[in-house]
Amino acid sequence: MRPLPFDKAKLDEIAAKWPTPFHIYDARAIRENAKRLKKAFSWNKGFREYFAVKATPNPHLMKLLKEFGFGSDCSSMAELELAERVGNTGDLIMFTSNDTPAEEFRRAWDLGAVINLDDTTHWDFLYEAIPSFAAKVREETDRRIFCCRYNPGPLKGGNAIIGKPEEAKYGFTREQAVECYAKMKEAGVTRFGLHTMVASNELDPEYIIDTARMLFSLAASIHDATGVDFEFVNIGGGIGIPYKPGQKAMDFQYLSDGIRRAYAEDVEKAGMKGLKLYMECGRCITGPYGYLVSRVRHIKNTYRLYAGLDACMSNLMRPGMYGAYHEIVVPGKENSATTSVYDVTGSLCENNDKFAVQRLLPVLERGDYVVICDAGAHGHSMGFQYNGKLRSAELLLEEDGSVREIRRAETLDDYFATLDFTGI
Ligand SMILES: *Cc1c(COP(=O)(O)O)cnc(C)c1O
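1. Observations concerning the domain arrangement of the protein chain
When the domains of the protein chain are assigned, the result is domain 1 (8-23 + 288-416) and domain 2 (27-287). Once you take the C-alpha centre of each, domain 1 and domain 2 turn out to be 33 Å apart. Each partner contributes to the interface: domain 1 provides 23 residues, whereas domain 2 provides 27 residues. Where domain 1 meets domain 2, there are one salt bridge. Here Arg-31 and Glu-399 are joined by a salt bridge, their closest N and O atoms 2.7 Å apart. Summed over the shared surface of domain 1 and domain 2, the number is 17 residue pairs in polar contact (both at pLDDT 80 or more). At the level of secondary structure, the elements contributing two or more residues to the side of domain 1 that touches domain 2 comprise α12 (318-322), β16 (393-397) and β17 (403-407).

Set out below in structure tokens:
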């Protein structure tokens, strides 16, 4: 079973203060991982990771990542606000949105964010969205950075979660990107980036290296076509994590070495020296270092054996939504033989509310802790209130072993706060 940064005795201590279910994040492991990523890419002057806020939108975690110079990849008003509140403004925000409302472009503009357009019509939309846009662009050429999100279509193979690029709603075709960069240049823009996001939960480093190579050569060809000089390419997020036993974590050093070789061949030879490499990962930054801690509430033996937890799909919807696999650890029974097969369920009135299906585990009893691993990204943040379920607390396990609440659990009052019973 997977080693955990806490044991049963520690959980007893924590749960006495914060009843299960809760999410808990391992600060030490997140820092070590951030350090590893930064070190691997230190050859690229100006390398930056923009943490994808949607993965774990908690200001305490964002602040922790800011220690390593990580910016914020935002795609909504709330995420922009979170970035600002942790002190990430200006080019520390990558605004990678789609189907974007005018007020969000305005807010991103006011914060000085890098504006990463999702479509060729969005450049014209900015003239409507932002007052005196044309004049401001000309006045502020030194600090305004624009980027286009490239969608390679059939040129790039698919990926299980994000799907085939040509079926994805995101991004520009190459021709549209060329046209848009020319238009932006004409309007007075001088600072440019190029972006793509074609992977999700990808564990093959070659796929990510190929993506970087694709962007390097595209940047060179767009430069040739338009005269635009690129400051950065952003290879997006999508680096996977080993959810399943036997899978191998992405080796950041191997990935970096591969990208560095592509950089030497495609960037330096094309004379684009100084091109910065950006990424906007979420999952591989915090995913493996967050845990959903719950307890067995009921054991039920019908056509199958069911372990019903006090957590449900509203705390972690990946298994129910994608059939995703998450490892399960039973603290206190780490060394017990795995002799029983369970469906591990929550309490939603939906039969896909299962954290595991037909999983071999130690014999479970009421009150046992059940820890669901790899819940540190796209976990709590995907939560919802269907069936009147409340979102759980988020805790941070500090390096000195102390535990801090970084988001309280929702209460029934929170649930009822948006309802108006007048006239009922
Ligand atoms: C979701 C998303 C990310 C982060 O993806 P991960 O799989 O968490 O790395 C980055 N950029 C964009 C545009 C996204 O939509």
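2. Some details on helix α2 (residues 27-40)
Here α2 contains 14 residues, and its C-alpha end-to-end distance of 20 Å stays within 8% of the 20 Å for a straight helix at 1.5 Å per residue. For α2, the complete set of buried residues consists of Ala-27, Ala-29, Ile-30, Arg-31, Asn-33, Ala-34, Leu-37 and Ala-40. At the N-terminal end of α2, a side-chain oxygen is found 3.3 Å from the backbone nitrogen of Arg-28, two or three residues along, and the residue is Asp-26.

3. With respect to the packing of aromatic side chains
According to the stated counting rule, one finds 20 aromatic pairs in the structure shown. Judged by centre distance (6.3 Å) and plane angle (55°), the ring pair of Phe-68 and Phe-70 falls under tilted. Across the pair, Phe-70 and Phe-68 agree in class, each one buried. Aromatic rings pair up to connect Trp-109, Trp-123, Tyr-127, Phe-133 and Phe-146 into one cluster. The ring of Trp-109 has Arg-144 lying over it, and the distance from NZ or CZ to the ring centre is 3.5 Å. Across the ring face of Tyr-325, the terminal group of Arg-359 is positioned such that the distance to the ring centre comes to 3.8 Å.

4. As for the pattern of salt bridges
As enumerated under the stated definition, the model contains 24 salt bridges in all. A salt bridge links Arg-107 to Glu-84; its shortest N-O distance comes to 2.8 Å. Pair noted here: Arg-107 is in helix α5 (residues 102-110) and Glu-84 is in helix α4 (residues 77-85), with a separation of 23 residues, a long-range link. In this structure, Arg-404 engages Glu-398 in a salt bridge whose closest nitrogen and oxygen atoms are separated by 2.6 Å. Overlapping salt bridges bring together Glu-81, Glu-84, Arg-85 and Arg-107 as one network.

5. Considerations on the sheet that holds strand β8 (residues 230-234)
With parallel pairing, eight strands are arranged side by side around a closed barrel as β2-β3-β4-β5-β6-β7-β8-β9. Direction aside, neighbouring strands of the sheet carry axes that sit 25° apart on average. Sheet topology note: the strand β5 (residues 114-117)/strand β6 (residues 145-150) ladder contains three bridges and is parallel. Across the sheet, the residue bridging to Leu-117 is Cys-148, located in β6.

6. Let's talk about the site of the ligand
Lining the immediate surroundings of the ligand are 13 residues, of which Lys-54, Gly-238, Glu-280, Arg-283 and His-378 lie closest. Residue Gly-282 places a main-chain N or O atom 2.9 Å away from an oxygen atom belonging to the ligand. Residue Arg-283 places a main-chain N or O atom 2.8 Å away from an oxygen atom belonging to the ligand. In the shell around the ligand, the residues fall into three nonpolar, five polar and five charged.

7. Observations regarding helix α9 (residues 205-226)
Over its 22 residues, α9 extends 31 Å from the first C-alpha to the last, a length consistent with the 32 Å expected when each residue adds 1.5 Å. Sitting at the amino-terminal end of α9 is Asp-204, which places a side-chain oxygen 2.9 Å from the backbone nitrogen of Glu-206. Gly-227 sits one or two residues past α9 and shows a positive phi near 80°.

8. Some remarks on unusual backbone geometry
The amide bond that connects Thr-20 to the next residue, Pro-21, takes the cis arrangement and shows omega of 0°. Following the sequence through the fold, Pro-21 ends up in the loop between α1 (8-17) and β1 (22-26). One non-glycine residue with positive phi stands out, namely Ser-132, at about 50°. Note that Ser-132 resides in the loop between α6 (121-129) and α7 (133-139). Positioned with a positive phi, Asn-387 is a non-glycine residue whose angle comes to about 70°.

Procedures and definitions
Residues numbered from 1 in each chain as written. Predicted model: local features only at pLDDT ≥ 70, side-chain atom pairs only at ≥ 80, totals over all residues. Heavy atoms only, no water. Domains from an automatic or database assignment. Contact = heavy atoms within 4.5 Å. Salt bridge = Lys/Arg side-chain N within 4 Å of Asp/Glu carboxyl O. Polar contact = N/O pair within 3.5 Å; in protein donor to acceptor, adjacent residues only side chain to side chain. Helix = DSSP H or I, 4+ residues; strand = E, 2+ residues; numbered from the N terminus. Expected span 1.5 Å × (residues − 1). Buried < 20%, exposed > 50% of the residue type's maximum accessible area, 1.4 Å probe, protein only. Phe/Tyr/Trp six-rings, centres within 6.5 Å; stacked < 30°, edge-to-face > 60°. Lys NZ or Arg CZ within 6 Å of the ring centre and 35° of its normal. Pairing = 2+ DSSP bridges. Axes fitted to C-alpha atoms, helices over the stretch in contact; angles between N-to-C directions. Near = heavy atom within 4 Å. Nonpolar A, V, L, I, M, F, W, Y, C, P; charged D, E, K, R; others polar.

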